[in-house]
Amino acid sequence: MVISFPYSNKAYIQVFPAQNQECLLEGMKRIFEYIDGVPSRIRFDNMSTAVTQVLEGAERKLTDGLTSFMLHYRFEAEFCNPASGNEKGNVENKVGYSRRNAFVPVPTITSFDEFNESMWEWCEKDAQREHYAHKIPIEELWQEDKKKLLVLPEHPYSVFRYEALVADKTGFAVVDTNKYGLSPALAGKTVQAKIYFNRIEFFYDHQPVGSFKRSYGHKQEIFDWTLYVSTLCKKPRALENTRFFKQFPDLWKDYLVGTAGKERKSALQLLEEIVSDGNAGLCDDTLLLAKENGRTDADSLRQCYYMISKREYRPTPLILVSAPVINYNPNLSAYDGLMGGEVHG
């Protein structure tokens, strides 16, 4: 994502994992916020993320997302003629310049947020060089461009789109070929997906039912194993053959493989209780505490879990205070007499 200003030749760059509408608008939003203003007019090519139909002359039918975005930030959009990218030559030249200078050698991006922070620094440093025509620093010319920016709206724009989806028979919903696991209880139900550039939030009947990092892979399965423990409780013998078992904590995978019958079902029921309480992070701690005490049956595991998580039910240890020594020597002579024994004085 590049926004370049023709007069000063200053450009701002943000990098995203795809060329979808959410990435386009999020990139523009971030640039607007960074420069603390909005260009009054922006020229686009006829990309599908912005244009749904090229009409006669300069007329275009825009995507709903871009239309809403433009209304919020109050800028005008211009579009190149079809197959005429040269009409926005300043941007095309800046893209080529940036590739040759900011992306050589090809960077390894482990975090787009961190990489984009470094791009701000690169853009500011690049603006210190001399303008090719005006022969003064680009940054000085940029100050003139900056005066013409529109004021940022009071409230920021949230970039996302809604999509209604029907969950399949196992409770998975598909977005861009990737399957997101919600819950088997939602099989066949229509859910709403709130799709951001980096995450997807799912809702059913206005209630949240799952949130996932957005995948840009192809035909991948993304799910949370904790949502499927209750299903596995019904068929414990099938545990090792399910896709969900691979995501279980390693300690629990090793433990469950060594169980069978009622013992396995009881262990899975405890695991369901732990994740239902929102304590999935305590799974390994529970098992480790049980092993330290030499007992890993389901009842012992449950007691260990309660010790860790339900401290309000743990009794306070008694504090014993030493009793004072009482100097008491009873007279047993009457007793000895009755027993016929020797009388003790």
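Please read these numbers as outputs of a predicted model, since none were measured by experiment.

Thresholds applied
- Residues numbered from 1 in each chain as written.
- Predicted model: local features only at pLDDT ≥ 70, side-chain atom pairs only at ≥ 80, totals over all residues.
- Heavy atoms only, no water.
- Helix = DSSP H or I, 4+ residues; strand = E, 2+ residues; numbered from the N terminus.
- Rg over C-alpha atoms; globule rule 2.2 N^0.38 Å.
- Buried < 20%, exposed > 50% of the residue type's maximum accessible area, 1.4 Å probe, protein only.
- Axes fitted to C-alpha atoms, helices over the stretch in contact; angles between N-to-C directions.
- Parallel < 35°, antiparallel > 145°, perpendicular 65-115°, else oblique.
- Left-handed = near helix turned anticlockwise from the far one by under 90°.
- Contact = heavy atoms within 4.5 Å.
- Salt bridge = Lys/Arg side-chain N within 4 Å of Asp/Glu carboxyl O.
- pLDDT = per-residue confidence, 0-100.
- Pairing = 2+ DSSP bridges.
- Phe/Tyr/Trp six-rings, centres within 6.5 Å; stacked < 30°, edge-to-face > 60°.
- Patch = residues over 30% accessible without salt bridge, like charges linked within 9 Å, V, L, I, M, F, W, Y side chains within 5 Å.
- Areas by Shrake-Rupley, 256 points an atom, 1.4 Å probe, with all protein chains shown as cover.

Section: the overall build of the protein
Logical step 1: Tallying secondary structure elements over the protein gives 11 helices and 13 strands in all.
Logical step 2: A compact globule built from 345 residues should have a C-alpha radius of gyration of about 20 Å, whereas the protein, at 34 Å, is more than 25% larger.
Logical step 3: Dimensions along the principal axes, computed over C-alpha positions, put the protein at roughly 130 × 50 × 40 Å.
Logical step 4: Here the protein holds 345 residues, and 38% of them are scored as buried.

Quick word on the packing of helix α8 (residues 261–276) against helix α10 (residues 298–309)
Logical step 1: Two numbers describe how α8 lies on α10: the axes approach to 9 Å, and their chain directions differ by 15°. Looking at the two axes, α8 sits roughly parallel to α10. For the crossing formed where α8 meets α10, the hand is right-handed. Between α8, through Ser-266, Ala-267, Gln-269, Leu-270, Glu-273 and Ile-274, and α10, the contact on the second element is made entirely by Ala-298, Leu-301, Arg-302, Tyr-305 and Tyr-306.

Some points on the pattern of salt bridges
Logical step 1: Enumeration over the complete set of coordinates arrives at 22 salt bridges.
Logical step 2: For Lys-10, the salt bridge goes to Glu-124, with nearest N and O atoms at 2.9 Å. Taken as a pair, Lys-10 in the loop between β1 (2–4) and β2 (11–13) and Glu-124 in helix α4 (residues 112–126) lie far apart in primary sequence, 114 residues in all.
Logical step 3: The exposure class assigned to Glu-124 is partly exposed, which follows from its relative accessible area of 23%.

Thoughts on the confidence of the model for the protein
Logical step 1: The predicted model of the protein has a mean per-residue pLDDT of 89, with 91% of residues at 70 or higher.
Logical step 2: For the protein, helix α11 (residues 333–339) is the element with the lowest average pLDDT, namely 73, and strand β10 (residues 190–195) is the one with the highest, namely 98.

Considerations on the sheet that holds β10
Logical step 1: In space, the 4 strands of this open sheet follow the order β7-β10-β11-β12, with antiparallel pairing throughout. On the outer flanks of this sheet lie β7 (161–166) and β12 (207–213), each paired with one strand and no other. Averaged over all pairs of adjacent strands, the angle between strand axes in this sheet comes to 25°, irrespective of strand direction.
Logical step 2: Two strands pair when backbone bridges link them, and β10 and strand β11 (residues 199–204) are joined in this way by 4 bridges, in the antiparallel orientation. In the sheet register, Ile-195 faces β11, and the bridge partner there is Ile-200.

Regarding the sheet that holds strand β9 (residues 178–181)
Logical step 1: A sheet is described by the order of its strands in space; here 3 strands give the open sequence β8-β9-β13, paired in mixed fashion. Of all strands in the sheet, those bounded by a partner on one side alone are β8 (172–175) and β13 (221–222).
Logical step 2: Sheet topology places β9 next to β13; 2 bridges connect them, and they run parallel. Following the sheet pairing, Tyr-180 is matched in β13 by Ile-222.

Here's the deal with the pairing of strand β3 (residues 41–44)
Logical step 1: Side chains Ile-42 and Phe-44 of β3 all project onto a buried face; the interleaved residues Arg-41 and Arg-43 project onto a face where none is buried.
Logical step 2: Judged from the 4 bridges that link them, β3 and strand β6 (residues 76–79) form a sheet pairing that is parallel. If you follow Phe-44 over to β6, its bridge partner there is Phe-79.

Description of the side chain of Arg-264
Logical step 1: Among the structural elements, Arg-264 can be located in helix α8.
Logical step 2: Sequence-distant contacts of Arg-264, that is, excluding residues within four places in its chain, are made with Pro-236, Arg-237, Leu-239, Glu-240, Leu-256, Val-257 and Thr-259.

Digging into the packing of aromatic side chains
Logical step 1: A full pass over the atoms with the stated rule returns 30 aromatic pairs.
Logical step 2: Consider the rings of Tyr-12 and Trp-142, whose centres lie 5.6 Å apart with planes at 65°: the pair is edge-to-face. With Tyr-12 in strand β2 and Trp-142 in helix α5 (residues 138–146), this residue pair connects regions lying 130 residues apart in the sequence. The residues Tyr-12 and Trp-142 share a single accessibility class, namely buried.
Logical step 3: Ring geometry for Phe-202 against Phe-212: centres 6.0 Å apart, planes inclined by 75°, an arrangement best described as edge-to-face. Highlighted residues: Phe-202 in strand β11 and Phe-212 in strand β12, separated in sequence by 10 residues. Phe-212 matches Phe-202 in its accessibility class, with the two residues each being buried.
Logical step 4: Here the aromatic cluster, defined as three or more aromatic residues joined through ring pairs, consists of Phe-5, Tyr-12, Tyr-34, Trp-120 and Trp-142.

As for a nonpolar patch on the surface
Logical step 1: The grouping of Leu-332, Tyr-335, Leu-338 and Met-339 at the surface amounts to a nonpolar patch, some 530 Å² of accessible area in total.
Logical step 2: Counting through the fold element by element, Tyr-335 comes out in helix α11.
Logical step 3: Given the relative accessible area of 53%, Tyr-335 is considered exposed.

What about unusual backbone geometry?
Logical step 1: Cis geometry is found at the peptide bond from Val-104 to Pro-105, where omega equals -5°.
Logical step 2: By the secondary structure assignment, Pro-105 is in the loop between α3 (89–102) and α4.
Logical step 3: Backbone geometry at Asp-176 places phi at a positive 55°, although glycine is not the residue there.
Logical step 4: Of note, Asp-176 is situated in the loop between β8 and β9.

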